[in-house]
Amino acid sequence: MPDPVVSVVMPVHNVENFVTTAIQSIVEQTYEHWELIIVNDGSTDQTEQHILPYLKDSRIKYVSNDKRAGVSVARNLALRIAKGDFICFLDGDDYLPFNSIKNRVDYLVDNPAIEFLDGWVFTFDENLANKIRECKPTFRGNPKDEINKLSPSCLCAISWMIRKVKEKEYKFEEAMTHSEDVFFYYTIAQTGRYDFLDEEIYRIRKRACSSMTDLNGLEMGYRLLFKNFRQYPISLKRLLYLRYRITRIMVLSYLKAGQVVNSVRALFTLPFMK
């Protein structure tokens, strides 16, 4: 049998200082059977100029949107043209360790019952020099209920490698710009087993202007996440716990940012989300 092809989906927006490192981390992978699909989501800096030299590699595909449409739209565009047997993701300012693809492909090939494969995710400073925190999955099995609890046992980042299944649709909710990865995982994890490797497979670059520093956007993302989860058959107990988790995350996030008024508002409004 031929070696499986991995489709790497990379949305980019104004990452001129980082996109070369991200692309290079794919080019230097020890596994060679990949396609990298880069979607430029309306960048207004020199991001495109850093991408163009890499298009000499036939494995790299490039699509550019004139206007910014959002990360979910960009990822969906890439997913529609992805040809791989497996899918994984890389944001334009992040980095994959050189064995990230090979080790996950090898495990998925040897374990055909596994549909979603994760691993350790480390967050570094903007220069990728100093580790700030780490997330190590602990869960094995169907991850649907863990996702519903927003559990870090299987939710570290946009770090899953996914075995494509013909019966499934792989599509992000395009109205969501925050927590869109959580809901995407939930939609595809109604069936399928999750597992992880005891090794680093994804490296996040923490930037001051990253989407996760937009707390108002993050709160709106969680509100949409809660609304979208309710489309699925979830017990009242699980909904109440999800509401509690969202409230706790946002209250602590606002407090950490020194936004006391927003923290109090979240404490008294988020528990009544519908």
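Everything quoted here is computed from the prediction, not taken from an experiment.

Within the element layout of this structure, Thr21 appears in helix α1 (residues 19–27). Residue classification places Thr21 among the partly exposed positions, given a relative accessible area of 31%. Taking the C-alpha atoms as reference points, Thr21 and Ile188, 167 residues apart in sequence, are found 30 Å from one another. Dropping the residues within four chain positions of it, Thr21 is found in contact with Tyr95, Leu128 and Arg205.

Any covalent bond linking the sulfur atoms of two cysteines counts as a disulfide. The final tally for this structure, using the stated rule, is one disulfide. At a sulfur-sulfur separation of 2.1 Å, the disulfide partner of Cys135 is Cys156. Between Cys135 and Cys156 the sulfur-sulfur dihedral comes to about -70°; the bridge is accordingly left-handed. Of this pair, Cys135 sits in strand β6 (residues 131–135) while Cys156 sits in the loop between α5 (144–148) and β7 (161–163), and the two are 21 residues apart along the sequence.

Here we take up the packing of aromatic side chains. Tallying each qualifying case throughout the model produces 14 aromatic pairs. Between the aromatic rings of Phe89 and Phe172, the centroid separation amounts to 5.7 Å while the plane-to-plane angle is 90°, which identifies the pairing as edge-to-face. Here Phe172 lies in the loop between β7 and α6 (180–188) and Phe89 lies in strand β4 (residues 86–89), a separation of 83 residues in the sequence. The exposure class assigned to Phe89 is buried, which follows from its relative accessible area of 1%. Every member of this aromatic cluster is reached through a ring pair, and the members are Phe89, Phe116, Phe139, Trp160, Phe172, Phe184, Tyr185 and Tyr194. The ring of Trp120 carries the charged tip of Lys136 above its face, separated from the ring centre by 4.0 Å. Taking the ring centre of Phe124 as reference, the NZ or CZ of Arg203 above it sits at 4.1 Å.

What follows deals with helix α7 (residues 215–229). Helical periodicity: at 3.6 residues per turn, an α-helix aligns residues three or four positions apart in one direction. Relative to the 21 Å expected for 15 residues at 1.5 Å per residue, α7 spans 21 Å between its end C-alpha atoms, a close match to the ideal helical length. Among the residues of α7, those classed as buried are Leu215, Gly217, Leu218, Glu219, Gly221, Tyr222, Leu225, Phe226, Asn228 and Phe229. On its buried face, α7 is in contact with α5, α6, α8 (236–256) and α9 (260–269).

Turning our eyes to something else, we now look at helix α4 (residues 100–110). For α4, every residue scored as buried is listed here: Ser100, Ile101, Arg104, Val105 and Leu108. In an axial view of α4, the angular spread of the buried residues amounts to 110°, which keeps them on one side of the axis. Buried residues along α4 sit against β1 (6–12), α1, β4, β5 (114–124), β7 and β8 (193–205).

With that settled, the discussion passes to the pattern of salt bridges. One side chain can pair with another of opposite charge once the charged atoms of both are near each other. Applying the stated criterion to the full structure yields 15 salt bridges. The closest approach of N and O atoms between Arg59 and Asp57, which form a salt bridge, is 2.8 Å. Assessed through its relative accessible area of 24%, Arg59 is described here as partly exposed. The closest approach of N and O atoms between Lys136 and Glu134, which form a salt bridge, is 3.5 Å. Owing to a relative accessible area of 36%, Lys136 belongs among the partly exposed residues under this scheme.

Bringing unusual backbone geometry into the picture now. Where the residue is not glycine, phi is negative for most of them; where a peptide bond is considered, it is trans in most cases. Its identity as a non-glycine residue notwithstanding, Asn14 has a phi of 50°, on the positive side. Residue classification places Asn14 among the partly exposed positions, given a relative accessible area of 27%. One non-glycine residue with positive phi stands out, namely Ser179, at about 65°. Relative to the helices and strands, Ser179 resides in the loop between β7 and α6. Under the relative-accessibility criterion, Ser179 is labelled buried at 9%.

Their axes nearest at 8 Å, the elements α8 and α9 cross at an angle of 170°. Regarding the angle of α8 to α9, the classification is roughly antiparallel. Across the interface between the two elements, Thr247, Met250, Val251, Tyr254 and Leu255 of α8 pack against Asn262, Ser263, Arg265, Ala266 and Leu267 of α9. The class makeup of the residues in the contact of α8 with α9 is six nonpolar, three polar and one charged.

Each value, and the rule that gives it
Residues numbered from 1 in each chain as written. Predicted model: local features only at pLDDT ≥ 70, side-chain atom pairs only at ≥ 80, totals over all residues. Heavy atoms only, no water. Helix = DSSP H or I, 4+ residues; strand = E, 2+ residues; numbered from the N terminus. Buried < 20%, exposed > 50% of the residue type's maximum accessible area, 1.4 Å probe, protein only. Contact = heavy atoms within 4.5 Å. Disulfide = S-S within 2.5 Å. Phe/Tyr/Trp six-rings, centres within 6.5 Å; stacked < 30°, edge-to-face > 60°. Lys NZ or Arg CZ within 6 Å of the ring centre and 35° of its normal. Expected span 1.5 Å × (residues − 1). Arc of directions from axis to C-beta. Salt bridge = Lys/Arg side-chain N within 4 Å of Asp/Glu carboxyl O. Axes fitted to C-alpha atoms, helices over the stretch in contact; angles between N-to-C directions. Parallel < 35°, antiparallel > 145°, perpendicular 65-115°, else oblique. Nonpolar A, V, L, I, M, F, W, Y, C, P; charged D, E, K, R; others polar.

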